[in-house]
Amino acid sequence: MRPPRSRAPSPPAAALPPPGGRGPPRAARAGAARSKRAGAVLAGVIETTTNKVIERARAAARQGADALVATAPFYTRTHATETDRHFRLIAAAVDLPLFAYDIPVCVHSKLDRSLVMSLAIDGVLAGVKDSSGDDVSFRRLAIELRAVPGFALLTGHEVVVDAMLLGGADGCVPGLGNVDPHGYRRLQAAADRGDWAAARTEQDRLAELFDIVSVADPADSSGTAAGIGAFKTALRARGVIAHNTVSPPMRHLNEQEARAITGILDRAGLM
C-alpha cells in the first residue's frame, strides 16, 4: 500500500501505510516501533461496547501493537453521537493511531461520511477501512479527504480494488489477500506506477479467485462461514496452515468443497 494521502511519487511499500500522519506523539512512537520490524501491526480491538474495546486496546498496546482497528459499537442500538463519542474515548484512552473499520454487514450501522470527516479533521482517526460496499459514499469521502493530509483511506472491497485506487483509495485490506497477498501487491504496484491496464488484468484474476467464497453449500453455511472457511481451506491447500478449522457454530468446509477450491486456486496459478 502506498503512503496515505501522499500524491507525490514514492516507491511502493510492502507493508501497511504509516498510520496517522497528523502529528500526535502516538504516530511518532508507532513509526519508531515499525522501523524495528518488517511491517506495521494493526491490532483489531473489536468489541460490542466502548469500555470493552478500550480494555482490548490497552492490552494490544502493552503487547507492542503499532495501531488499533475498531468498529462502531454494536448489539445495543446506538445513536450517531454515541458512535462519535465511542471513537473519541478510545483515542483518548490509548496513545496509538486508531483506524475505523466500516463494516455495516456485521455491526448493522454505516459510518456516516460527515462523522468520519469530523473524526479525521480532529485527529481522532488515522484512517478508515471501508468494507461497506457503498461505492458512492467511498468516492465522496475520497474527494473530501483531500483536505486532510495524512489520513489513510483503505478499501476492503476485494474485487474492485483497482477502481477504488483509481478513485482515491490509498490502499486495500482485502480478506482474499490472506490467500494471495502477492496478487494484491502486484495490483498495488501497478496502480502506483499508473499502469491501470496491468492493474485491471491482476484484478480480473483476483475476481475469479474470489469465487472460492461461493463454494460452501449455502443450505448450512452463513456468508461468514463460507468466506472464512474458503480462505482457511485455500491456505491449507497452499501449505500455509495445517487445518481449516473455523470457530463454532460455523462448520469447516468438507473435502468435496475443498477439492472445488483447489481447482479455483489452480486456475488462478496458485498451486
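Heads up: the structure comes first, above all this text.
Presented here is a report on the structure given in the accompanying data block. Quantities reported herein were computed from a predicted structural model and do not represent experimental measurements.

Rules used throughout
- Residues numbered from 1 in each chain as written.
- Predicted model: local features only at pLDDT ≥ 70, side-chain atom pairs only at ≥ 80, totals over all residues.
- Heavy atoms only, no water.
- Helix = DSSP H or I, 4+ residues; strand = E, 2+ residues; numbered from the N terminus.
- Buried < 20%, exposed > 50% of the residue type's maximum accessible area, 1.4 Å probe, protein only.
- Contact = heavy atoms within 4.5 Å.
- Areas by Shrake-Rupley, 256 points an atom, 1.4 Å probe, with all protein chains shown as cover.
- Pairing = 2+ DSSP bridges.
- Core = buried A, V, L, I, M, F, W, Y, C linked by side-chain atoms within 4.5 Å.
- Salt bridge = Lys/Arg side-chain N within 4 Å of Asp/Glu carboxyl O.

Helices and strands together make up the secondary structure of the protein, namely 11 helices and 6 strands. Put simply, the protein has 271 residues, and 46% of those count as buried. Of the contacts made within the protein by residues no fewer than 6 positions apart, 67% connect residues no fewer than 24 positions apart. Only carbon and sulfur atoms are counted for the fraction: they give 55% of the accessible area of the protein, which is about 13300 Å².

This brings us to the pairing of strand 4 (residues 127–130). What you see with strand 4 is no split at all: Gly127 and Lys129 on one side and Val128 and Asp130 on the other are buried throughout. Summarising the sheet, strand 3 (residues 98–102) and strand 4 pair through 4 bridges and their orientation is parallel. In the strand pairing of strand 4, Phe99 is matched with Gly127. Sheet topology places strand 4 next to strand 5 (residues 152–155); 4 bridges connect them, and they run parallel. Bridge assignment links Asp130 to a residue of strand 5, and that residue is Thr155.

Mapped onto the fold, Ala40 is located in the loop between helix 1 (25–34) and strand 1 (42–44). Put simply, Ala40 and Ala67 are 27 residues apart on the chain and 7.9 Å apart in space, counted from C-alpha to C-alpha.

Counting 60 residues, the largest nonpolar core has Phe87, Val179, Leu209 and Ile212 as its most contacted members. When residues of this core are assigned to their parent elements, the largest contribution, 5 residues, is made by helix 5 (residues 113–121). Ignoring anything within four residues of it in the chain, the contact list for Val179 reads Leu209, Ile212, Phe231, Ala234, Leu235, Arg238, Leu265 and Leu270.

Looking now at the pattern of salt bridges. Applying the stated criterion to the full structure yields 13 salt bridges. One salt bridge connects Lys110 with Asp102, and the closest N-O pair in it is separated by 2.6 Å. Taking the relative accessible area as the measure of exposure, Lys110 reaches 32% and is therefore partly exposed. Assessed through its relative accessible area of 3%, Asp102 is described here as buried. Residue Arg205 is joined to Asp180 by a salt bridge in which the shortest nitrogen-to-oxygen separation is 2.5 Å. You can see Arg205 sitting in helix 9 (residues 196–209) and its partner Asp180 sitting in the loop between strand 6 (171–172) and helix 8 (181–192), a full 25 residues away along the chain. Of the two residues, Arg205 and Asp180, neither departs from the other in class, the shared state being buried. A single network of salt bridges, built from pairs that share partners, joins Asp180, Arg186, Glu202 and Arg205.

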